[in-house]
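A structural walkthrough
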4 protein chains.
Amino acid sequence: MTSEYGLLSPGAHRAAGMADDDAVVAAMGRVEIAWLQALASVGVIEDVDKVSRMIADSRIDATVLRDGAEASGNPVVPYVAAIRSSLDQRLAASVHRGLTSQDVLDTALILLSRDALGRVRGDLTAIVGRLAELADRHRESVMVGRTLTQHAVPTTFGLKAAQWLSGAIDARDRVDGAAASLPVQCGGAAGTLALVGELTDDPVAAAAAFADDLDLVWPGLPWHTNRAPITAVGDALVAACDALGVIAADVALLSRPEIAEVREGAVAGRGGSSTMPHKRNPVLSILVRSAALQAPQLGSQLHVAAAQAVDERPDGAWHSEWPALRRLLELAVVAASQASELVAGLEVDPAAMRVRAEAAADELLAERGRPGSPADYVGATTTLIDAVLARVSGEGPHHG
Amino acid sequence: MTSEYGLLSPGAHRAAGMADDDAVVAAMGRVEIAWLQALASVGVIEDVDKVSRMIADSRIDATVLRDGAEASGNPVVPYVAAIRSSLDQRLAASVHRGLTSQDVLDTALILLSRDALGRVRGDLTAIVGRLAELADRHRESVMVGRTLTQHAVPTTFGLKAAQWLSGAIDARDRVDGAAASLPVQCGGAAGTLALVGELTDDPVAAAAAFADDLDLVWPGLPWHTNRAPITAVGDALVAACDALGVIAADVALLSRPEIAEVREGAVAGRGGSSTMPHKRNPVLSILVRSAALQAPQLGSQLHVAAAQAVDERPDGAWHSEWPALRRLLELAVVAASQASELVAGLEVDPAAMRVRAEAAADELLAERGRPGSPADYVGATTTLIDAVLARVSGEGPHHG
Amino acid sequence: MTSEYGLLSPGAHRAAGMADDDAVVAAMGRVEIAWLQALASVGVIEDVDKVSRMIADSRIDATVLRDGAEASGNPVVPYVAAIRSSLDQRLAASVHRGLTSQDVLDTALILLSRDALGRVRGDLTAIVGRLAELADRHRESVMVGRTLTQHAVPTTFGLKAAQWLSGAIDARDRVDGAAASLPVQCGGAAGTLALVGELTDDPVAAAAAFADDLDLVWPGLPWHTNRAPITAVGDALVAACDALGVIAADVALLSRPEIAEVREGAVAGRGGSSTMPHKRNPVLSILVRSAALQAPQLGSQLHVAAAQAVDERPDGAWHSEWPALRRLLELAVVAASQASELVAGLEVDPAAMRVRAEAAADELLAERGRPGSPADYVGATTTLIDAVLARVSGEGPHHG
Amino acid sequence: MTSEYGLLSPGAHRAAGMADDDAVVAAMGRVEIAWLQALASVGVIEDVDKVSRMIADSRIDATVLRDGAEASGNPVVPYVAAIRSSLDQRLAASVHRGLTSQDVLDTALILLSRDALGRVRGDLTAIVGRLAELADRHRESVMVGRTLTQHAVPTTFGLKAAQWLSGAIDARDRVDGAAASLPVQCGGAAGTLALVGELTDDPVAAAAAFADDLDLVWPGLPWHTNRAPITAVGDALVAACDALGVIAADVALLSRPEIAEVREGAVAGRGGSSTMPHKRNPVLSILVRSAALQAPQLGSQLHVAAAQAVDERPDGAWHSEWPALRRLLELAVVAASQASELVAGLEVDPAAMRVRAEAAADELLAERGRPGSPADYVGATTTLIDAVLARVSGEGPHHG
């Protein structure tokens with residue numbers, strides 16, 4: 001397998017095969033098979049197992065589809081043609097019968113989205129676990145609180161970890177929300193299920209069976225021009241990248257040599273420079289931060305498209321979603337995986353934190369108006385940490 | 001009252017006073033009062049009613065705060081100074097005691113957000129009602145289905161209205177979700193509630209009382225660097241603008257003279273041209289469409305900021321949220337109000353729809369393979385419409 | 001004067017009156033007067049001085065226009081109506097004769113853009129001067145070079161200032177490029193100059209005279225749907241904010257207490273905290289950084305509009321430009337002014353730089369492979385500085 | 001060759017091999033060779049032809065680099081390691097000597113950018129030629145002028161083509177501007193050329209020779225943190241997509257069956273539907289329009305990164321540029337190629353235009369106030385067309 005587009009997205013291989021062209025082809029196949037099963041379930045056709053197996057076993061090279069994808073404006077038309085060309089005429093006619101290209105591609109992208117959301121969720125859960133541990137362990141790790149770049153009052157690393165944790169839980173809630181009701185797309189040429197209605201008395205039952213087969217939701221009507229399902233996926237993944245970006249920004253900052261209160265775990269070969277052997281760059285933080293800077297524009301792209309979904313199926317807006325959604329799926333999956341590794345390996349130096357806090361005690365306690373130890377002025381940090389930890393175990397309040 | 005920034009956002013007066021500087025000042029006052037009440041409720045201070053009333057009655061001109069806002073980087077510092085300057089020393093000291101600027105400004109912006117979400121919700125509900133009526137009434141209004149700009153198969157205007165309706169309901173769900181758990185911000189200088197902890201044994205109780213007083217949620221800890229509450233508001237409003245934008249794009253298109261299947265309701269003086277007296281421009285559609293083109297970039301801005309909320313309180317990212325959030329609040333409120341008026345007055349011409357559909361019958365029925373009337377090939381439109389109408393009355397499935 | 005929208009954009013008063021509603025009204029008046037002069041210059045009408053003076057002297061309150069602006073979709077229609085209402089019928093008919101709303105509003109926004117570009121240029125020139133001084137003065141101020149947050153090899157503060165300077169010169173070049181050929185908009189209802197052609201044999205001569213009167217360029221044809229002039233202004237201002245943002249990010253970082261190699265000049269009352277009297281926040285850096293985070297989305301908005309300028313005059317895309325352009329003009333003017341003040345007052349601590357560099361000498365010289373003093377390993381910094389300084393005096397190469 | 005990411009960007013094969021991972025590897029090789037030649041030219045090393053040939057002939061699979069790219073944060077580190085591993089120790093040491101990863105990757109991306117700009121320029125020139133022909137040929141092709149979706153006054157298709165042409169010429173000017181001074185990146189670890197200075201007395205001469213070898217500009221100093229060269233490329237390509245997007249939006253609209261004044265050239269197999277054999281979708285217009293909707297967010301991404309290029313080399317902002325730049329290069333190249341084909345094959349129906357204009361004559365001439373033929377009220381269209389045609393031959397004024 002060659003990776004044609006990973007080199008400028010370091011770590012891209014963490015999402016290898018998840019949403020590349022082969023994955024799109026496979027997802028389209030999965031969708032066409034589910035539709036055959038749905039038609040069978042409502043009695044339109046019989047004996048679809050053989051043709052389903054043939055589709056599942058077909059090895060259609062994405063490059064073969066490229067001319068057809070441009071000629072028709074989407075990859076479904078040449079894909080269906082390729083599938084049909086290997087079947088006898090009767091079977092060929094049953095494939096894709098009653099669907100439109102957008103039914104297949106939207107559903108395929110929803111399947112890829114489900115996969116990506118699941119992976120992100122998994123990594124967020126690992127992150128939540130690790131951060132809960134850090135928050136609990138570092139309740140007493142007093143450090144300088146920094147606001148607008150300057151020293152403010154004392155805090156603890158436990159609370160900082162709890163803040164990251166709170167962000168990660170919120171992100172996971174968003175991801176869960178987006179994953180909860182991912183819909184099948186099913187409407188036919190102009191969203192009326194008209195051709196399906198020629199085949200069966202209850203075309204909506206076919207749509208519902210289609211959804212069941214894919215373990216997706218049938219939302220009651222097609223959403224060719226109501227792109228809320230796509231933007232909900234996008235918004236959730238952007239929100240997840242936001243939360244990861246905050247962690248990465250903090251780690252990158254706190255691992256600066258002048259601060260040196262945390263650092264990324266040492267991994268052989270990681271963080272090296274091409275010219276300076278001693279350097280240990282916070283590579284995971286940098287890459288996660290880079291992802292967090294990219295996600296908002298990708299999410300915005302989905303909304304720019306959604307806002308212009310005119311007619312029964314739109315003229316370009318729909319098409320502009322595809323690369324942005326795919327890129328966002330990969331970006332979030334890679335960033336979540338990297339961030340999971342980042343927090344798993346994070347080295348915290350409470351002694352360095354304490355030394356700095358004590359050296360800055362006068363400033364840090366100026367608000368209080370009485371001198372003393374920074375450790376005496378950490379407010380409700382423990383209670384605040386407990387509140388987030390309660391959310392981990394599902395007891396606490398939540399927002400966002 | 002002069003409106004300094006409305007002229008380039010036609011219809012801006014629909015949100016007059018909602019989020020301008022005076023509204024920000026008033027919201028900051030409301031927040032400071034709530035905090036006084038909260039401190040009183042936990043026994044830190046007494047007799048706050050008088051000072052609360054003084055704050056409520058103060059008429060602080062926003063322009064007075066401008067130099068101080070720049071010098072400190074935010075409007076809270078000069079606002080608090082202005083309030084304190086009118087109080088005796090003891091009372092002055094009690095105002096803002098234990099809070100940080102971000103506590104006040106974030107909470108004030110949440111109050112403005114609640115107001116905006118409420119208004120958008122109100123207009124979405126009106127839109128839902130009207131679209132439900134249109135969807136039901138036009139079940140039989142056959143029209144050409146258009147995909148990728150070309151004629152596809154027949155549909156009905158009822159289904160088109162149901163699609164808009166589905167978008168509006170999804171948008172309302174998003175708005176409700178964002179409004180459901182708007183949090184108070186409360187953490188003090190570095191989010192530890194340290195100074196509050198000097199005043200009372202249970203600083204978290206003060207924070208919770210603060211939230212209660214404002215009818216907001218206390219999320220368990222401050223969210224100075226976890227901007228999910230802000231991006232959730234932003235994402236919901238962008239999603240609402242998406243849904244409104246689709247309606248506007250369709251109306252603008254269908255009211256083109258060559259199509260002329262719908263048009264905006266006639267209102268004296270609206271839609272006129274500066275040079276062509278006969279013109280009747282679809283002004284509301286144009287303005288709503290314009291808003292829908294703007295919202296994604298504003299939502300993106302909130303995420304760009306959220307992804308970089310470093311330290312205990314960030315160095316510029318937070319500041320970059322404010323104008324974008326305010327603009328998005330106003331944009332969405334104005335667009336929802338205009339869209340409500342647009343759908344309320346929409347004139348539908350089913351005869352024109354039918355004439356065109358019948359003239360194009362051969363093409364529209366090509367998929368079916370049998371000639372006939374377009375009205376015979378509208379598939380499951382009625383069932384699909386029913387599914388959306390069921391959601392209006394709270395019975396149907398939903399997605400997004 | 002009240003400022004309704006400044007409070008959430010600290011420093012907004014630096015651009016007071018430049019692009020608010022009153023400024024738009026004044027610019028529209030300036031445009032209508034220029035058009036009268038142009039018509040007079042080609043002999044269409046006579047004696048325009050009196051009516052020009054009446055327009056110039058009219059004090060039309062922007063709020064009066066707000067209903068008309070929404071009803072017509074733009075502020076020009078009610079503005080022209082208001083002007084005409086104060087004139088006798090013959091004079092009234094001559095005002096705006098042959099123009100369309102977009103001619104007036106586009107030209108008015110170009111006038112505002114010219115003003116903003118001029119102000120930004122002025123501040124960039126001040127910045128260039130100050131940075132040239134810093135680059136020259138700090139040729140020997142050795143400091144730690146930082147890459148990917150870690151210590152790399154030595155550099156000098158002179159080279160850092162030269163890098164900022166290089167960015168500022170590039171930005172000024174971009175601003176100059178955008179300002180060089182700002183065009184008048186002139187096309188009439190659908191860009192054909194048809195009505196003007198009823199008035200005079202040579203309507204293009206009128207357009208050219210119109211441009212001359214405003215000291216703008218007549219580009220040979222209207223650009224109602226070719227938005228390159230607007231996006232060129234936007235791109236230049238975004239590029240300027242990029243350059244300023246880099247300076248601000250560096251200053252915010254280097255003035256962190258753990259680094260403390262530079263800091264913003266002390267100004268009474270600036271940088272204070274609402275709760276911690278000792279704090280000196282790098283407020284200007286924070287505000288400039290905040291602006292730099294906002295500019296890209298505003299520039300993007302202009303392109304989203306430009307890409308969809310359909311028909312002879314577009315249906316919403318044009319409208320979506322206005323608030324973004326205005327906001328970007330103000331943002332850039334304020335940021336440039338703040339950045340100018342920032343660099344003017346910047347305090348550099350070469351001793352602190354040297355101490356840190358020497359302490360880190362082993363690491364900083366690892367690449368070289370021989371121990372020694374960081375000052376011995378600063379490479380071509382002096383030559384590189386000279387290259388930028390040569391650009392200041394107009395001798396050097398340039399890029400971008 | 002398999003294309004892993006083309007399927008969701010129909011037409012992506014038009015840019016096949018231009019900027020994929022293999023192209024990045026090849027460009028890095030080209031850069032490392034040029035650096036060897038540069039070092040040889042200043043006498044640092046001898047006899048580089050053999051090693052240069054070995055690098056040129058090496059066939060390094062991008063997938064081999066992926067782990068190293070993540071471990072180091074960029075693909076240069078593993079690339080250099082791979083090259084060195086195939087050389088003897090002395091030669092190995094000379095490769096990449098004195099450069100930093102960013103020198104190589106930035107320069108490689110500039111080389112890819114040059115290629116993309118050149119291709120876009122080529123297609124814009126073809127578009128300019130074709131549009132000039134259309135503008136000239138259709139001077140008398142009277143059509144309805146449309147503003148804000150409604151009929152306004154008459155225009156000619158010649159003027160519409162001239163407007164598209166004006167946009168294309170402006171775009172080409174922008175592309176030429178960006179291509180004119182593409183710089184080499186050369187600074188070493190922290191932009192001081194320190195290690196190069198250990199090798200030769202005149203490190204800047206080496207940098208200049210490096211630039212010469214690649215036919216790029218040496219800008220006088222490195223631009224690791226001054227990203228103007230990258231954003232200038234981005235802005236130019238976005239502007240090009242804007243201009244192409246306007247053409248596409250107009251063609252998509254005017255080829256609607258209710259208007260039917262132009263249509264895309266018929267190409268066997270293009271524009272077909274998966275279910276409706278009669279359909280002829282304006283596929284090229286849809287794809288170009290889709291590209292135009294995507295470009296602004298990619299350009300914005302480059303600015304978001306540029307605004308935060310902190311330190312001597314930044315911590316994530318730089319990394320976030322790469323995928324956006326690559327995607328924008330490909331997007332613009334594909335869109336320009338598709339648009340070139342679109343205008344080359346465009347079918348114009350002047351008879352349909354005339355029939356509609358005459359049917360609407362009363363409305364179209366309302367502004368004039370006298371009835372007549374639309375052809376009598378086309379204003380200065382001919383002169384305006386001539387002005388743009390003069391620009392084609394390099395005589396006319398220009399803006400933007």
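As the structure is a computational prediction, the values presented were derived from the model and not from experiment.

Things to note about the overall build of chain A
- Assigned secondary structure in chain A consists of 15 helices and four strands.
- Considering only C-alpha atoms, chain A reaches an extent of 85 × 50 × 35 Å along its principal axes.
- Out of the 400 residues belonging to chain A, those deemed buried represent 71%.
- Relative to all contacts within chain A whose residues are 6 or more apart in sequence, the contacts with residues 24 or more apart total 77%.
- Surface accessibility of chain A: about 11200 Å² in total, with carbon and sulfur atoms responsible for 49%.

A few points about the pattern of salt bridges
- Inspection of the entire model under this criterion finds 100 salt bridges over all chains.
- Across the pair Glu 258 of chain D and Arg 146 of chain B runs a salt bridge whose closest N-O atoms are separated by 2.8 Å. Here the residue Glu 258 of chain D occupies a position in the loop between helix 10 (228-254) and strand 3 (262-263), and Arg 146 of chain B occupies one in strand 1 (residues 142-147), the pair thus bridging two chains.
- Among the residues examined, Glu 258 of chain D registers a relative accessible area of 8% and is labelled buried.
- Residue classification places Arg 146 of chain B among the buried residues on the basis of a relative accessible area of 0%.
- Between Asp 170 of chain B and Arg 391 of chain B there is a salt bridge, and its shortest N-O distance comes to 2.9 Å. Separated by 221 residues along the polypeptide, Asp 170 of chain B in helix 7 (residues 157-180) and Arg 391 of chain B in helix 15 (residues 381-392) bring together distant segments of the chain.

Comments concerning the environment of Leu 253 of chain D
- As for its position among the elements, Leu 253 of chain D is in helix 10.
- Between the C-alpha atoms of Leu 253 of chain D and Pro 282 of chain D, which are 29 residues apart in sequence, the distance is 9.5 Å.
- Ignoring any residue separated from it by four or fewer positions in sequence, one finds Leu 253 of chain D in contact with Leu 253 and Arg 256 of chain B, Val 310 and Asp 311 of chain C together with Ile 259 of chain D.

A short note on the relation of the copies chain A and chain B
- Taken as rigid bodies, chain A and chain B are interconverted by a rotation of 180° and an axial shift of 0.0 Å, the fit giving an RMSD of 0.0 Å. Expressed as a symmetry operation, the mapping of one chain copy onto the other fits a two-fold axis. Within chain A, Ser 300 of chain A has its C-alpha nearest the rotation axis, a separation of 2.8 Å.
- Most of the interface of chain A is mirrored in chain B: 100% of its interface residues are interface residues there too.

Notes on unusual backbone geometry
- Not every positive phi belongs to a glycine, and Ala 260 of chain B is a case in point at roughly 55°.
- With respect to the element layout, Ala 260 of chain B can be found in the loop between helix 10 (228-254) and strand 3 (262-263).
- On the basis of relative accessibility, which here comes to 34%, the residue Ala 260 of chain B falls in the partly exposed class.
- Phi is positive for Leu 193 of chain D, close to 60°, though the residue is something other than glycine.
- Relative to the helices and strands, Leu 193 of chain D resides in the loop between helix 7 (157-180) and helix 8 (194-199).

Some words on the packing of helix 1 (residues 21-41) of chain D against helix 4 (residues 76-85) of chain D
Residues and elements named next belong to chain D.
- The interhelical angle for the contact between helix 1 and helix 4, taken along N-to-C directions, is 65°, at an axis separation of 11 Å. Relative to helix 4, the element helix 1 lies roughly perpendicular. In this structure, helix 1 crosses over helix 4, and the sense of that crossing is right-handed. Between helix 1 and helix 4, the contacting residues are Val 25, Met 28, Gly 29 and Glu 32 on the first element and Val 76, Tyr 79 and Val 80 on the second.

Some remarks on helix 12 (residues 317-345) of chain D
- The end-to-end C-alpha separation of helix 12 of chain D is 42 Å, in line with the 42 Å expected for 29 residues at 1.5 Å each.
- When you tally the buried positions in helix 12 of chain D, you get 26 out of 29 residues, the bulk of the element.

Focus: the interface of chain C and chain A
- Contacts between the two partners involve 29 residues from chain C, matched on the other side by 29 residues from chain A.
- Counting the surface lost from both chain C and chain A, the interface buries some 2700 Å², and carbon and sulfur atoms represent 56% of this.
- The largest per-residue losses of area from chain C upon contact with chain A belong to Thr 149, Arg 256 and Glu 258 of chain C, which jointly make up 23% of the total buried on that side.
- For the pair chain C and chain A, the interface holds two salt bridges.
- Viewed at the interface, chain A and chain C are joined by six residue pairs in polar contact (both at pLDDT 80 or more).
- Secondary-structure elements contributing two or more residues to the side of chain C that touches chain A are strand 1 (142-147), strand 2 (150-156), helix 10 (228-254) and helix 11 (283-306) of chain C.
- Considering every element that reaches the side of chain C that touches chain A, the biggest residue donor is strand 2 of chain C, with four residues.
- Here the side of chain C that touches chain A is composed, by residue class, of eleven nonpolar, ten polar and eight charged.

Focus on the interface of chain A and chain B
- Contacts between the two partners involve 86 residues from chain A, matched on the other side by 86 residues from chain B.
- Across the interface of chain A and chain B, roughly 6900 Å² is buried in total on both sides, 59% from carbon and sulfur atoms.
- Glu 198 of chain B is paired through a salt bridge with Arg 370 of chain A; the nearest N and O atoms lie 2.6 Å apart.
- Put simply, chain A and chain B have 28 residue pairs in polar contact (both at pLDDT 80 or more) between them.
- When contributions to the side of chain A that touches chain B are tallied by element, the ones reaching two or more residues are strand 1 (142-147), strand 2 (150-156), helix 7 (157-180), helix 8 (194-199), helix 9 (203-214), helix 10 (228-254), helix 11 (283-306) and helix 15 (381-392) of chain A.
- Per-element accounting of the side of chain A that touches chain B gives the leading share, 13 residues, to helix 10 of chain A.
- Of the residues in the side of chain A that touches chain B, the class split is 44 nonpolar, 26 polar and 16 charged.

Looking at helix 9 (residues 203-214) of chain C
- Taking 1.5 Å per residue as the helical rise, helix 9 of chain C with its twelve residues ought to reach 16 Å, and the 17 Å between its terminal C-alpha atoms agrees with that figure.
- For helix 9 of chain C, the full list of buried residues reads Pro 203, Val 204, Ala 206, Ala 207, Ala 209, Phe 210, Ala 211 and Leu 214 of chain C.
- As for helix 9 of chain C, its buried residues are in contact with helix 1 (21-41), helix 6 (101-137) and helix 8 (194-199) of chain C together with helix 15 (381-392) of chain D.

Quick look at the pairing of strand 2 of chain C
All names here are of chain C.
- Extensive coverage of strand 2 is indicated by the burial of seven of its seven residues.
- Pairing of strand 1 with strand 2, which is carried by five bridges, proceeds in the antiparallel orientation. Within strand 2, the residue paired with Arg 146 across the bridge is His 151.

Here's the deal with the packing of aromatic side chains
- Counted according to the given criterion, the structure contains 14 aromatic pairs over all chains.
- Aromatic pair Trp 35 of chain C and Phe 210 of chain C: ring centres 5.1 Å apart, planes at 75°, arrangement edge-to-face. One end of the pair, Trp 35 of chain C, is in helix 1; the other, Phe 210 of chain C, is in helix 9, with 175 residues separating them in the sequence.
- Centre to centre, the rings of Trp 318 of chain D and Trp 322 of chain D are 4.8 Å apart; their planes meet at 85°, and the pair counts as edge-to-face. One end of the pair, Trp 318 of chain D, and the other, Trp 322 of chain D, are both in helix 12, four residues apart, so they sit about a helical turn from each other.

Some thoughts on the environment of Ile 45 of chain B
Residue and element names in this part refer to chain B.
- Within the secondary structure, Ile 45 is located in the loop between helix 1 (21-41) and helix 2 (49-57).
- It is 7.7 Å that separates the C-alpha atoms of Ile 45 and Ser 94, two residues lying 49 residues apart in sequence.
- Apart from the residues lying within four places of it in its own chain, the contact partners of Ile 45 are Leu 36, Leu 39, Ala 40 and Ser 94.

So, the confidence of the model for chain A
- Here chain A averages 95 in pLDDT, and 96% of its residues register 70 or above.
- This prediction of the complex comes with two scores: 0.97 for pTM and 0.96 for ipTM.

The rules we used
Residues numbered from 1 in each chain as written. Chains lettered and ligands numbered in written order. Predicted model: local features only at pLDDT ≥ 70, side-chain atom pairs only at ≥ 80, totals over all residues. Heavy atoms only, no water. Helix = DSSP H or I, 4+ residues; strand = E, 2+ residues; numbered from the N terminus. Buried < 20%, exposed > 50% of the residue type's maximum accessible area, 1.4 Å probe, protein only. Contact = heavy atoms within 4.5 Å. Areas by Shrake-Rupley, 256 points an atom, 1.4 Å probe, with all protein chains shown as cover. Salt bridge = Lys/Arg side-chain N within 4 Å of Asp/Glu carboxyl O. Least-squares fit on C-alpha atoms with pLDDT ≥ 70 in both. Axes fitted to C-alpha atoms, helices over the stretch in contact; angles between N-to-C directions. Parallel < 35°, antiparallel > 145°, perpendicular 65-115°, else oblique. Left-handed = near helix turned anticlockwise from the far one by under 90°. Expected span 1.5 Å × (residues − 1). Buried area = accessible area lost by both parts, 1.4 Å probe. Polar contact = N/O pair within 3.5 Å; in protein donor to acceptor, adjacent residues only side chain to side chain. Nonpolar A, V, L, I, M, F, W, Y, C, P; charged D, E, K, R; others polar. Pairing = 2+ DSSP bridges. Phe/Tyr/Trp six-rings, centres within 6.5 Å; stacked < 30°, edge-to-face > 60°. pLDDT = per-residue confidence, 0-100.

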